[in-house]
Each structure stands twice: as C-alpha cells, then as structure tokens.
Amino acid sequence: MSTDPIPDTPATPTPLDHTPPPAGPATSIKLLAEAAGTFLLVFGGIGAALFASDFGVGPNGSSLGIGFVGVALAFGLTVVAGAYAWGPISGGHFNPAVTLGLAAAGRFPWKDTIGYIVAQVVGGAIATSLIVLIGLFGPNGWLTAAQSGGFASNGFGDHSPSGFGIGGAITAEILFTGIFVLVILGVTHATRGTTLAGLVIGLTLTLIHLVSIPIDNTSVNPARSIATALYGGGDALAQLWVFIVFPIIGALLAGFAHRALFDGKSAG
C-alpha cells in the first residue's frame with residue numbers, strides 16, 4: 001500500500017491522431033520562392049551571356065569576356081544560390097521540366113505542378129524584361145544588336161552556335177535534361193541524399209552548359225527558353241517549341257525511370 005498521503009491519479013493519454021502536423025510555408029510563399037529562384041537563374045545566366053560573354057580584347061590581346069565557361073558557371077552558381085536561399089521553402093525547382101520530372105518520380109504532387117510552372121515562367125520573364133530595361137540605358141545600339149542576335153535564345157540550324165540541326169537539339173535536350181533530373185532525384189533522396197545537394201545540382205548544370213552551349217545554347221529549362229524567346233525575335237519564337245517539348249520529355253522519362261529503378265517502391 002502506498003504511504004503517499006496525496007497519491008497521483010494516472011492520467012489517460014490523449015490520442016494525437018487528430019493533431020495536425022506543423023504547417024509548412026503557404027502555397028503563395030512557395031510560388032514566390034519559385035519565381036524568385038527562376039528569376040535569379042535567368043537574370044544571372046542570361047545576363048552573363050549578354051553582358052559579359054564577349055567583351056572584346058585588352059591591349060595585350062587577351063580576351064576580356066567570360067566566354068562559354070563563364071556563362072556555364074553563371075548558370076550553375078545561380079542554381080547553387082537559389083537552392084540554398086529558397087530551396088527550403090519550395091523545394092528549389094526553378095524549372096518546369098524539373099517540376100514535372102519530380103512529379104513523375106512521385107516526389108511532388110501533380111496537382112501542384114501548374115502553379116509552380118506559372119510562377120517559374122513569370123520569374124524568368126521578369127528577369128529578361130529587366131535585362132531589356134538595363135539595355136535601354138546601354139551604349140547606342142546595344143539592345144538592338146542583342147535582340148537581332150537572338151537575345152541568347154536557344155536555337156538550331158542557323159541559330160545554333162555551331163550549326164547543329166534540329167535532331168541534335170532534340171537529342172541534346174532530352175538527354176541532358178534527363179541527366180539533370182536523375183542527378184537531382186539522386187542527391188535529394190530522403191535517405192541517400194546529401195546536404196551538399198544544392199552544390200552538386202549547380203555543378204551538374206554547369207557541366208551540362210559546358211557541353212551543350214555550342215549545340216543549341218542549352219535550354220534544359222523551358223522557363224529559361226520562353227524568357228529569352230520573348231525578346232529574341234520571330235525565329236526564336238518559331239523554334240521555341242523544341243525547347244519546351246523535349247526538355248519536358250527528357251525530365252518525364254528520367255522521373256519515371258528513377259521511380260522504377262531506384263526508389264524500390266512506388267510513391268502514393
């Protein structure tokens with residue numbers, strides 16, 4: 001028998017199944033993060049291509065521009081910055097093809113893809129619009145020359161930096177977007193991923209640009225392609241469909257393949 005003059009009465013545990021999980025960021029905040037990240041990617045990458053890639057030569061004959069390597073690094077660095085700044089809010093897609101690839105892999109709800117894609121396209125369009133605004137105050141003829149040169153739009157045939165045809169552009173966009181999505185799915189896996197995912201993804205995008213800028217100016221991102229084609233003239237708009245359709249095909253193939261081969265079980 002207990003000698004405690006005021007014995008405690010055991011409490012009945014309260015079931016917690018009715019308690020909602022902690023609320024994450026609101027949908028509007030996620031969409032804002034996607035727009036911001038895509039803005040950074042397009043403004044940084046396309047800005048580097050238009051403002052700094054070809055800057056002539058110095059008195060000693062050395063190039064003052066950053067060239068293909070610099071532009072490739074610019075795209076990669078923007079992804080690294082965006083991934084760590086806004087990735088914790090929205091997942092850091094910044095690319096319609098990535099959003100659809102993640103949905104195909106069971107990592108992202110299909111019902112949320114439209115909102116993300118709209119936010120990404122808007123963010124990219126704002127970025128190139130601000131580049132145009134800067135160009136309005138540039139040297140005489142700079143903006144006209146940038147637009148007549150395609151405004152760093154993606155292209156094939158006469159609009160490919162090296163003259164690759166439509167078949168080369170289609171193959172490159174499917175292949176490189178698929179590789180990009182597979183890397184993203186691998187390094188962000190819940191148990192096999194890495195805290196350096198943002199850095200790995202950015203470096204992968206850099207590598208993709210180093211290889212494929214000469215082919216078609218590298219899309220692997222329909223939002224980037226739409227953003228530049230808006231100011232790149234009629235030819236850029238006429239060829240835009242290739243850089244919307246085939247990055248998405250590559251991303252979907254990669255997403256479904258990763259889910260079947262590497263995830264072990266299907267997501268609900």
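Check the entry above for the structure.
Here we summarise the structure given alongside this text. Every value quoted in this text rests on a predicted model; they were computed, and no experiment measured them.

Turning our attention to helix α4 (residues 113-136). For α4, with 24 residues, the first-to-last C-alpha span of 35 Å sits near the 34 Å given by 1.5 Å per residue. Among all positions in α4, only Thr 113, Tyr 116, Ala 119, Gln 120, Gly 123, Gly 124, Ala 125, Ala 127, Thr 128, Ile 131, Val 132 and Gly 135 are buried. Each element contacted by the buried residues of α4 is listed here: α1 (27-52), α2 (67-90), α3 (96-104), α5 (142-148) and α8 (222-232).

Another point: the pattern of salt bridges. Within the structure shown, the criterion is met by one salt bridge. A salt bridge links Asp 112 to Lys 111; the nearest nitrogen and oxygen atoms lie 3.3 Å apart.

Moving on, we get to the environment of Gly 232. Looking at the secondary structure, you find Gly 232 in helix α8. What makes Gly 232 buried here is its relative accessible area of 10%. Sequence separation of Gly 232 and Gln 147 is 85 residues, and the distance between their C-alpha atoms is 5.2 Å. The contact partners of Gly 232, leaving out residues within four places of it in the chain, are Gln 147, Gly 150, Phe 151 and Ser 153.

Mapped onto the elements, His 258 comes out in helix α9 (residues 234-261). With relative accessibility at 3%, the residue His 258 sits in the buried group. Apart from residues lying up to four places away in sequence, His 258 is in contact with Arg 107, Leu 182, Leu 185, Gly 186, Arg 192 and Asp 263.

The subject of this paragraph is the packing of α1 against α4. Running from N to C, α1 and α4 point in directions that differ by 35°, and their axes come no closer than 7 Å. Crossing hand, α1 versus α4: right-handed. Seen from α1, the contacting residues are Lys 30, Leu 31, Glu 34, Ala 35, Thr 38, Phe 39, Val 42, Phe 43, Ile 46, Gly 47, Leu 50 and Phe 51; seen from α4, they are Gly 115, Tyr 116, Ala 119, Gln 120, Gly 123, Gly 124, Ile 126, Ala 127, Thr 128, Leu 130, Ile 131 and Ile 134. When the residues that make up the contact of α1 with α4 are grouped by side-chain class, the tally is 15 nonpolar, seven polar and two charged.

Considering all chains together, one arrives at six aromatic pairs under this definition. Look at Phe 51 and Trp 142: their rings are 5.1 Å apart centre to centre, the planes differ by 20°, and that puts the pair in the stacked class. In this pair, Phe 51 sits in helix α1 while Trp 142 sits in helix α5, placing the two residues 91 residues apart along the sequence.

With 26 residues, α1 extends 36 Å between its outermost C-alpha atoms, agreeing within 8% with the 38 Å of an ideal straight helix rising 1.5 Å per residue. Listed as buried for α1 are Ala 33, Glu 34, Ala 35, Gly 37, Thr 38, Leu 41, Val 42, Gly 45, Ile 46, Gly 47, Ala 48 and Leu 50. Looking at the buried positions of α1, the neighbouring elements they touch are α2, α4, α5, α7 (197-216) and α8.

Next up on the list: the packing of α3 against α9. Relative orientation of the contacting elements α3 and α9 amounts to 25°, with a least axis distance of 7 Å. When the axis of α3 is compared with that of α9, the two are roughly parallel. Our pair here, α3 against α9, has a crossing hand that is right-handed. Mapping the contact onto sequence places Ala 97, Leu 100, Gly 101, Ala 103 and Ala 104 in α3 and Pro 247, Ile 248, Ala 251, Leu 252, Gly 255, Phe 256 and Arg 259 in α9. In terms of residue class, the contact of α3 with α9 is made up of nine nonpolar, two polar and one charged.

Take a nonpolar patch on the surface next. A cluster of nonpolar side chains, Ile 114, Val 118, Val 122, Ile 126, Leu 130, Leu 133, Leu 136 and Phe 137, forms an exposed patch at the surface whose accessible area comes to about 790 Å². Note that Ile 114 resides in helix α4.

The next point concerns the nonpolar core. In terms of nonpolar packing, the biggest core is built from 37 residues, with Ile 46, Leu 50, Phe 151, Phe 180 and Leu 205 touching the most fellow members. Elements represented by at least two residues in this core include exactly α1, α2, α3, α4, α5, α6 (166-187), α7 and α9. At seven residues, the largest contribution of residues to this core is made by α6. When neighbours within four sequence positions are excluded, Ile 46 is seen to be in contact with Leu 41, Phe 75, Ile 131, Phe 151, Ala 152, Arg 224 and Thr 228.

Conventions we followed
Residues numbered from 1 in each chain as written. Predicted model: local features only at pLDDT ≥ 70, side-chain atom pairs only at ≥ 80, totals over all residues. Heavy atoms only, no water. Helix = DSSP H or I, 4+ residues; strand = E, 2+ residues; numbered from the N terminus. Expected span 1.5 Å × (residues − 1). Buried < 20%, exposed > 50% of the residue type's maximum accessible area, 1.4 Å probe, protein only. Contact = heavy atoms within 4.5 Å. Salt bridge = Lys/Arg side-chain N within 4 Å of Asp/Glu carboxyl O. Axes fitted to C-alpha atoms, helices over the stretch in contact; angles between N-to-C directions. Left-handed = near helix turned anticlockwise from the far one by under 90°. Nonpolar A, V, L, I, M, F, W, Y, C, P; charged D, E, K, R; others polar. Phe/Tyr/Trp six-rings, centres within 6.5 Å; stacked < 30°, edge-to-face > 60°. Parallel < 35°, antiparallel > 145°, perpendicular 65-115°, else oblique. Patch = residues over 30% accessible without salt bridge, like charges linked within 9 Å, V, L, I, M, F, W, Y side chains within 5 Å. Areas by Shrake-Rupley, 256 points an atom, 1.4 Å probe, with all protein chains shown as cover. Core = buried A, V, L, I, M, F, W, Y, C linked by side-chain atoms within 4.5 Å.

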